[in-house]
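Structural overview for review
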Amino acid sequence: MLRAAGVGIGDEVVVPAFGNVEIAEAVTAIGAMPVFADIDPVTYGLSPAAVADALTARSAAVVAVHRFGRPADLARLRTVGERHGLFVLEHHEGCAPQHDIAKRRERAAWLDARLRGVATPDGAAGHTYEQYVVRVPGNGRPDRDAFARAVRARGVECSVPVRTPVHRLPGFRRCVSLPETERAADETLALPVHAALTKRDMQRMASACNALGGLLQPAS
């Protein structure tokens, strides 16, 4: 997609650091330079304001990644692109089977109504819940990693979606301020919402999370 848009050697491409390294690798593979911009804490996609701040005379394109099945703010990103003459390319990190999406949404709505002590995801229109990602604040006890271990000990599967942002990986290290990216990497936890989950599985998940949730309130 980048090559087809005419992006190449000497160009800069604005990409998120919150996510997989493949996007940055694709940029370097065509001789361009990945430039990392911060994310929006709600969508987990690139922040349009942060993208605008990251632009230089060499900027040629922006890669908008739709993270966890939650659409990025594509309209505002395209506005930034039009204002500065940039290509805005889309990338979906995954795609749940179409017949599975309705069940994922049902399970997400069930959890939204029952989970306490964690911040549930924004249920924007179009969210397919490729992953159901909650926030476990680090200003309480336990933190995200301790919370994940405790939930797993109660028989609930979970995973850390992004443990290390790309701008902290070897080969892509940058001295750049990405506070929302860093915070999301420290706080996010993916809980299952796939169609194979039973009602008992869902109840066990809510009970396990809520049993720990009271420990996660901010200190007064």
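Look above for the structure.
Read on for an overview of the structure. (Residues numbered from 1 in each chain as written. Predicted model: local features only at pLDDT ≥ 70, side-chain atom pairs only at ≥ 80, totals over all residues. Heavy atoms only, no water.)

As for the overall build of the protein chain
Put simply, the test is: Note on conventions: DSSP H or I runs of at least 4 residues are helices, E runs of at least 2 residues are strands, and numbering of each starts at the N terminus. Atoms considered for the radius of gyration are the C-alpha atoms alone. The globule rule reads 2.2 Å times the number of residues to the power 0.38. For the exposure calls, accessible area comes from a 1.4 Å probe over protein chains only, and a residue counts as buried if that area is under 20% of its type's maximum, exposed if over 50%, partly exposed in between. Contact criterion: two residues are considered in contact whenever any of their non-hydrogen atoms come within 4.5 Å of each other. Charge counting treats Lys and Arg as positive and Asp and Glu as negative, with His and both chain ends excluded. For charged residues, the charge sits on one atom: NZ in Lys, CZ in Arg, CG in Asp, CD in Glu.
Within the protein chain one finds seven helices and six strands. Its C-alpha atoms give the protein chain a radius of gyration of 18 Å, within 12% of the compact-globule value 17 Å for 220 residues. Over its C-alpha atoms, taken along the principal directions, the protein chain stretches across nearly 55 × 40 × 30 Å. Every one of the 220 residues in the protein chain was classed for burial, and the buried ones make up 49%. Across the protein chain, the fraction of contacts at a sequence separation of at least 24, relative to all contacts at a separation of at least 6, is 68%. Looking at charge distribution, the protein chain has the averaged site of its 27 positive side-chain charges lying 6 Å from that of its 24 negative ones.

Some remarks on the nonpolar core
Worth spelling out the cut-off: Only buried residues count toward a nonpolar core, which is a set of Ala, Val, Leu, Ile, Met, Phe, Trp, Tyr and Cys residues joined through side-chain atoms within 4.5 Å.
By size, the foremost hydrophobic cluster in this structure holds 26 residues, and its most contacted members are Leu111, Leu115, Tyr132, Val134, Phe147, Leu189 and Leu191. Only helix H4 (98–114), strand E5 (132–135), helix H5 (144–153), strand E6 (188–191) and helix H7 (199–213) provide two or more residues apiece to this core. Element by element, the count of residues in this core is highest for H7, at six residues. Membership of the second largest hydrophobic core comes to 20 residues, among which are Ile23, Phe36, Val166 and Leu178.

With respect to the sheet that holds strand E3 (residues 59–66)
Short version of the rule: Paired strands, as defined in this entry, are two strands with at least two bridges between them according to DSSP. Note on geometry: axes are lines fitted to C-alpha atoms, helical ones only across the stretch in contact, with angles between N-to-C directions running from 0 to 180 degrees.
Strand order in the open sheet formed by four strands is E2-E1-E3-E4, and the pairing between neighbours is parallel. On the outer flanks of this sheet lie strand E2 (33–37) and strand E4 (87–92), each paired with one strand and no other. Strand-to-strand twist across the sheet, computed as the mean angle between neighbouring axes with direction ignored, equals 30 degrees. As paired strands, strand E1 (residues 12–16) and E3 are joined by three bridges and run parallel to one another. In the strand pairing of E3, Glu12 is matched with Ser59. Running at roughly 145 degrees to E2, helix H1 (residues 22–29) makes contact with E1, E2, E3 and E4 of the sheet. The strands that helix H3 (residues 74–84) touches are E3 and E4; relative to E4, the one it contacts most, it runs at about 150 degrees.

Focus: the state of the cysteines
So the rule is basically this: In this description, a disulfide is simply a cysteine sulfur pair whose atoms lie within 2.5 Å.
One pass over the structure, following the stated rule, counts zero disulfides. Free of any disulfide, Cys158 has its nearest neighbouring cysteine sulfur in Cys209, separated by 7.8 Å.

Here we look at the environment of Val51
The residue Val51 is located in helix H2 (residues 48–54) in this model. Sequence spacing of Val51 and Leu77 is 26 residues, and the spatial spacing of their C-alpha atoms is 8.0 Å. In contact with Val51, other than residues within four places in its own chain, are Val14, Ala37, Leu46, Val62, Leu77 and Val80.

Thoughts on the packing of aromatic side chains
So the rule is basically this: When the centres of two rings from Phe, Tyr and Trp lie within 6.5 Å, Trp using its six-membered ring, the rings pair. Their planes under 30 degrees apart give stacked, over 60 give edge-to-face, and anything left gives tilted.
Within this structure, the stated rule accounts for four aromatic pairs. When the centroid spacing of 5.7 Å and the interplanar angle of 25 degrees are considered together, the rings of Phe18 and Tyr44 count as stacked. Here Tyr44 lies in the loop between E2 and H2 and Phe18 lies in the loop between E1 and H1, a separation of 26 residues in the sequence. Of the two residues, Phe18 and Tyr44, neither departs from the other in class, the shared state being buried. Both rings, one in Phe18 and one in Phe68, keep their centres 6.0 Å apart while their planes meet at 85 degrees; by these two values the pair is edge-to-face. Pair noted here: Phe18 is in the loop between E1 and H1 and Phe68 is in the loop between E3 and H3, with a separation of 50 residues, a long-range link. An aromatic cluster is present here, built from Phe18, Tyr44 and Phe68 joined pairwise through their rings.

Here's the deal with the pairing of E5
The two faces of the sheet receive side chains in turn, since in a regular strand these alternate between them. Side chains Tyr132 and Val134 project from E5 onto one buried face, and the interleaved Val133 and Arg135 project onto a second face that is buried too. Note that E5 and E6 share four bridges and pair antiparallel. Note on E6: the bridge partner recorded for Val134 is Leu189.

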